[in-house]
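# Summary of the model geometry
Okay, here's what each chain looks like letter by letter:
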Amino acid sequence: MRKLIAGAMLAACVAGAALAENAVPREMAWAYPTGAKSTFGPPPGAGPFTMPGSKLRFSKAQVSDENTAVDWFPDSHPPAPPVVAHNSGKGPTPCAACHFYSGVGAPGAADLAGLPAEYIIAQVTAFKTGERRSANTGQPSTGEMIKVAVAVSNSALRQAAAYYASLPRKQVVRVVESATVPKTTPDQYGWLNPAPGREAIGNRVVELAADLPAMFIGNDRIAVTDYVPPGAIARGAAIVMSGGGTGQACAMCHGGSLQGTSMAPPLAGRSAAYLARALWDIRSGARHDAAAGMMQAPARGLTPSQIVDVTAYLASRKP
Ligand code: HEC
Ligand code: HEC
């Protein structure tokens, strides 16, 4: 994720210029963490760096290399195509820098493991053409994905899509219902940084990685927790079943176990914070590629607090 820093200045200007069009109401602001600065930076210490469960050691220069995504667990995934692992200096930031080799994705990004290859290609193309934007105009994390989409060649994208589609789906978060949560501060790049103390959860999902510094140098086995309000999972189950305001049950298109169909991507076991943002992006029209048209009505049928409940339930399901 080294390249994130490079885009900071530019993204901040874009955000400032376009704020008037922002389509995120106060009740959904939690789904678009965007602080003034990022905690992401060179790892503390001189190295070499090690990781529990890995026999490998990497130097400070290696973990700081923005052109290569560190691979701590090379035996746990098939060989990755070049575009996923590194760039030769002028290609896009390697996919694994943000989505990891396992595809589970860093908080703020998205999990890609086991998504249909055609869906991955369609979404990256939509980021490139402008059919997929963040409802939070200028959201820096989405801005980084757009830069990749613009820079990646069609053949490299096909390779990346085939790679991520071949990986097993995983439960990417643990969902915990709780009236209070650790305090957090929003990072510029769409994740939450821990802060001292606790506070009331309110009506939101609080997604927190157990060890962000280890994630920043490529450890994709770090536990991520989605805290959700008490009762959210059961309320969400009922809404998913009924389909919410428009009465179109989610399973109709996303499959009986919400594990995805040829028509619509999987929802089960994915990050509630990501899914909530995706729902609002679709509902607001910021995400309006052709296939998202089918998803417009179901998304409009959900209120912000129903979105919290629905995504809490979806994240808790078996992928
Ligand atoms: C610098 C970080 C970064 C890199 C590198 C990156 N992505 Fe992303 N990607 C993101 C973020 C952040 C999002 C979520 C954007 C949002 O929610 O608006 C995302 C979302 C996606 C999605 C949407 C997933 C869904 O479920 O709809 C796809 C597909 C994707 N990326 C593919 C790729 C591919 C393929 C590559 C490599 C060619 C790549 N990304 C490289 C940050 C990155
Ligand atoms: C009529 C079919 C249909 C129904 C019903 C439907 N969806 Fe979807 N959904 C889709 C399609 C198609 C997409 C992919 C959109 C795209 O390609 O941009 C999608 C995408 C999504 C996404 C974004 C996933 C991602 O990876 O970014 C979420 C979240 C989602 N749906 C949630 C729901 C929920 C919750 C319900 C029930 C309230 C629901 N959907 C009902 C067809 C449907």
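Above: the structure in question.
Below: a short report on this structure. A quick note: this is a predicted structure, and the numbers were derived from the prediction, not measured.

Quick notes on the rules
- Residues numbered from 1 in each chain as written.
- Chains lettered and ligands numbered in written order.
- Predicted model: local features only at pLDDT ≥ 70, side-chain atom pairs only at ≥ 80, totals over all residues.
- Heavy atoms only, no water.
- Helix = DSSP H or I, 4+ residues; strand = E, 2+ residues; numbered from the N terminus.
- Buried < 20%, exposed > 50% of the residue type's maximum accessible area, 1.4 Å probe, protein only.
- Contact = heavy atoms within 4.5 Å.
- Areas by Shrake-Rupley, 256 points an atom, 1.4 Å probe, with all protein chains shown as cover.
- Lys, Arg positive; Asp, Glu negative; His and termini not counted.
- Charge placed at Lys NZ, Arg CZ, Asp CG, Glu CD.
- Donors = N, O, S within 2.8 Å, 3.2 Å for Na, K, Ca; no water.
- Tetrahedral: all angles 85-135°; square planar, octahedral: opposite > 155°, others 65-115°.
- Near = heavy atom within 4 Å.
- Polar contact = N/O pair within 3.5 Å; in protein donor to acceptor, adjacent residues only side chain to side chain.
- Nonpolar A, V, L, I, M, F, W, Y, C, P; charged D, E, K, R; others polar.
- Core = buried A, V, L, I, M, F, W, Y, C linked by side-chain atoms within 4.5 Å.
- Axes fitted to C-alpha atoms, helices over the stretch in contact; angles between N-to-C directions.
- Parallel < 35°, antiparallel > 145°, perpendicular 65-115°, else oblique.
- Left-handed = near helix turned anticlockwise from the far one by under 90°.
- Pairing = 2+ DSSP bridges.

### So, the overall build of the protein chain
From N to C terminus, the protein chain includes 14 helices and five strands. Its C-alpha atoms give the protein chain principal-axis dimensions of roughly 55 × 45 × 40 Å. Here the protein chain holds 319 residues, and the buried ones make up 54% of them. In the protein chain, the share of contacts with a sequence separation of at least 24, taken over all contacts with a separation of at least 6, comes to 65%. Accessible area of the protein chain: about 14000 Å², with a carbon and sulfur share of 60%. For the protein chain, the distance from the average site of its 28 positive side-chain charges to the average site of its 20 negative ones is 1 Å.

### Observations regarding the coordination of the iron atom of ligand 1
Within the protein, His-99 (NE2) and Met-145 (SD) serve as the donor atoms for the iron atom of ligand 1, at 2.0 to 2.2 Å. With six donor atoms in place around the iron atom of ligand 1 and angles of 86 to 178 degrees between them, the coordination shape is octahedral. With His-99 in helix 5 (residues 96-99) and Met-145 in helix 7 (residues 140-151), the pair connects residues that are 46 residues apart, well separated along the chain. Judged by relative accessible area, which is 11%, His-99 ranks as buried.

### Comments concerning helix 10 (residues 232-242)
Within the sequence span of helix 10, burial applies to Ala-232, Gly-236, Ala-237, Ile-239 and Val-240. Where helix 10 terminates, the next one or two residues include Gly-243, which has phi positive at roughly 90 degrees.

### Points about the site of ligand 1
Neighbouring ligand 1 are 27 residues, the closest being Cys-95, Cys-98, His-99, Tyr-119 and Met-145. Here an oxygen atom of ligand 1 sits 2.6 Å away from a polar atom, N or O, in the side chain of Tyr-119. Contacts to ligand 1 include Arg-277, whose side-chain N or O atom sits 3.0 Å from an oxygen atom. Of all elements in the fold, only helix 5, helix 6 (117-129), helix 7 and helix 12 (272-284) reach the threshold of two or more residues within the shell around ligand 1. Here the residues of the shell around ligand 1 are counted per class, giving 17 nonpolar, six polar and four charged.

### Things to note about the site of ligand 2
Lining the immediate environment of ligand 2, one finds 24 residues, of which Cys-250, Cys-253, His-254, Tyr-274 and Met-295 sit closest. Take Asp-289: an N or O atom from its side chain is 3.0 Å from an oxygen atom of ligand 2. Residue assignment for the shell around ligand 2 shows that the elements contributing at least two residues are helix 6, helix 11 (251-254), helix 12 and helix 13 (292-300). Taken together, the residues of the shell around ligand 2 break down into 18 nonpolar, three polar and three charged.

### Focus: the nonpolar core
One finds Met-28, Trp-30, Val-63, Trp-72, Ile-307 and Leu-314 to be the most contacted residues of the largest nonpolar core, which totals 59 residues. Elements supplying a minimum of two residues to this core: helix 9 (212-216), strand 5 (224-228), helix 10, helix 12, helix 13 and helix 14 (304-316). Looking at which element gives the most residues to this core, the answer is helix 12, with eight residues. Membership of the second largest hydrophobic core comes to 27 residues, among which are Leu-157, Ala-160, Ala-161 and Tyr-163.

### Focus: the packing of helix 6 against helix 8 (residues 154-165)
One can describe the packing of helix 6 onto helix 8 by two numbers: an axis separation of 8 Å at closest approach and a directional angle of 135 degrees. For the element pair helix 6 / helix 8, the angle class is oblique. Handedness of the crossing formed by helix 6 with helix 8: right-handed. Where helix 6 abuts helix 8, its residues Ala-117, Ile-120, Ile-121, Val-124 and Thr-125 lie against Leu-157, Arg-158, Ala-161, Ala-162, Tyr-164 and Ala-165.

### Some remarks on the sheet that holds strand 1 (residues 174-177)
As summarised here, the arrangement of the three strands in space is 1-5-4, forming an open sheet in which the pairing is mixed. The open sheet has two free edges, formed respectively by strand 1 and strand 4 (206-209), since each of these has just one partner strand. With direction set aside, neighbouring strand axes in the sheet form an average angle of 25 degrees. Inspection of the sheet shows strand 4 paired to strand 5 by four bridges, in the antiparallel sense. Following the sheet pairing, Ala-209 is matched in strand 5 by Val-224.

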